[in-house]
Structure formats: structure tokens, C-alpha cells
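Structural overview for review
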Amino acid sequence: MRKPLLALVFVASLSVSTAYSAENDMHPGLWEITTTSDLLKLASQIPPDQMQILMNLAKQHGMDMPQIQNGAATSNVCVTQKMVDEKIPPSFYQNKSGCMAQNATHVGNKYTWDFVCANPKLKGNGTAEAVFSNPDSFTGRTEFDGVAQGAPIKEHADISGRWTSADCGAVKPPQ
């Protein structure tokens, strides 16, 4: 049970940084992204030593595990002006998790894309969407269906983001 649960929390954490730019007047700078899901509610059941393994796994994929409390994962993301101008999903999926974003569309204030994960620990397909209510905030959702570390997974997560500052401080943009 612990190994599949670790993999599932890892999958849920992938969605934390998925929505970056949908409107060309979205503010560049520091964004706080919060992801909630039933899966993340289970994170409190993971023993500290197993959570450390999960954090190490995330680091191997070039990610920092977000803070997880009360079924929500919160992280900070630096959005550059270039990301805002290009209106494309971040290279996060391709470069960090072994997943690839594709079929991105942008209509009005809604931005959608698909992603495919094909690596030894995570295989499957997903969709993501973000709807910007204004240049300072968005809400969205991700869906994923696949296999994580050999365990079948079908999970959705709700995402919200809010702009917090024009200066990213120590938070570096994804590469």
C-alpha cells in the first residue's frame, strides 16, 4: 500500500505547476499554486521515512516536493515574461517528470492541454485546463489515468493560482 500511495502523491504533485499563461495580460512574477485532491489527503498517512523517499524521487526528476497539508499541495512558481508572451505549457512536463505536453489550445481566458507520461515509474495520459478570471488568478483541473510504480491510478485534482509578486525572489523559473 505504501509504495503505490507514494507514487500517487508524486503524480498529484505534478499538477501543481501546470498552469502558467493563458492571457497575454497575465502578470509575470511569483505565483502561488495550490492543488487539492483526494489523493493528497492521503499524504498524512505516509510515514516520514517514506515521505523522504518520495522527496528524493521528486528531486531525481528535478522537482521540489510542494508543502502538503490538509489535502492540499502549495508551491511557488516563477512565471517569466517570455512564458506569458508565448502562451504555451511549461517545459516542466518534458524536462522534469518524463511527461510531454501536447495539443495545447488557448481560447479567450481558457487554456487546455493534454499530457502523456512514458517513463519507468509513471505511464499514462492526462488533461489539464486553466481558466483565468483576471490577470492575477486562475482555477483549473487535471485528470490523469495510468500506472504509477506498477499501481493503476485514475485521479483528478483541482488547481488554483494567485499572483503574489512581480519579483520571483529566490524562486527560479522552470527550465
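So, how was this worked out
Residues numbered from 1 in each chain as written. Predicted model: local features only at pLDDT ≥ 70, side-chain atom pairs only at ≥ 80, totals over all residues. Heavy atoms only, no water. Helix = DSSP H or I, 4+ residues; strand = E, 2+ residues; numbered from the N terminus. Buried < 20%, exposed > 50% of the residue type's maximum accessible area, 1.4 Å probe, protein only. Areas by Shrake-Rupley, 256 points an atom, 1.4 Å probe, with all protein chains shown as cover. Disulfide = S-S within 2.5 Å. Phe/Tyr/Trp six-rings, centres within 6.5 Å; stacked < 30°, edge-to-face > 60°. pLDDT = per-residue confidence, 0-100. Contact = heavy atoms within 4.5 Å. Polar contact = N/O pair within 3.5 Å; in protein donor to acceptor, adjacent residues only side chain to side chain. Pairing = 2+ DSSP bridges.

1. So, the overall build of the chain
Looking only at helices and strands, one finds 5 helices and 8 strands in the chain. Within the chain, the proportion of its 175 residues that are buried is 46%. Entry remark: accessible area of the chain is about 8600 Å², with carbon and sulfur atoms responsible for 51%.

2. Thoughts on the state of the cysteines
Within this structure, the stated rule accounts for 1 disulfide. Residue pairing for Cys78: its cysteine sulfur links by disulfide to Cys168, the two sulfurs lying 2.1 Å apart. Across the S-S bond of Cys78 and Cys168 the torsion is about 85°, and the bridge reads as right-handed. With Cys78 in strand β3 (residues 72–79) and Cys168 in the segment after β8 (151–165), this pair connects stretches of sequence that are 90 residues apart.

3. Quick look at the packing of aromatic side chains
Following the criterion strictly, the structure yields 5 aromatic pairs and no others. Centre to centre, the rings of Tyr111 and Trp113 are 4.9 Å apart; their planes meet at 50°, and the pair counts as tilted. Of the two residues examined, Tyr111 and Trp113, each falls in the buried class. The interplanar angle of 40° and the centroid separation of 5.2 Å between the aromatic rings of Phe132 and Phe138 together place this pair among those described as tilted. The burial state of Phe132 is the same as that of Phe138; both residues are buried. Grouped by ring-pair contacts, the aromatic residues Trp31, Phe132 and Phe138 constitute a single cluster.

4. Quick look at the confidence of the model for the chain
Scored by pLDDT, the chain has a mean of 77; 77% of the residues are at 70 or more. Long-range and interchain partners of residues 14–24, a stretch whose pLDDT sits below 50, account for 57 contacts in this model, where long-range means more than four residues apart. Taken together, the stretch residues 90–95 has pLDDT below 50 and engages in 23 contacts with residues farther than four places along the chain or on a different chain.

5. Considerations on the side chain of Glu155
Locating Glu155 in the fold gives a position in strand β8. Only 3.4 Å separates the side chain of Glu155 from the backbone nitrogen of Leu39, close enough to count as a polar contact. Not counting residues up to four positions away in its chain, the partners in contact with Glu155 are Ser37, Asp38, Leu39, Thr142, Glu143 and Phe144.

6. Section: the pairing of β8
Alignment of strand β1 (residues 29–36) against β8, held across 7 bridges, turns out to be antiparallel. Its bridge partner lying in β8, Glu32 is registered against Arg162. Bridge count for strand β7 (residues 137–148) against β8 is 12 bridges, and the pairing is antiparallel. Note on β8: the bridge partner recorded for Val147 is Pro152. Hairpin connection from β7 to β8: 2 residues lie between these consecutive antiparallel strands, with Gln149 at a positive phi of about 50°.

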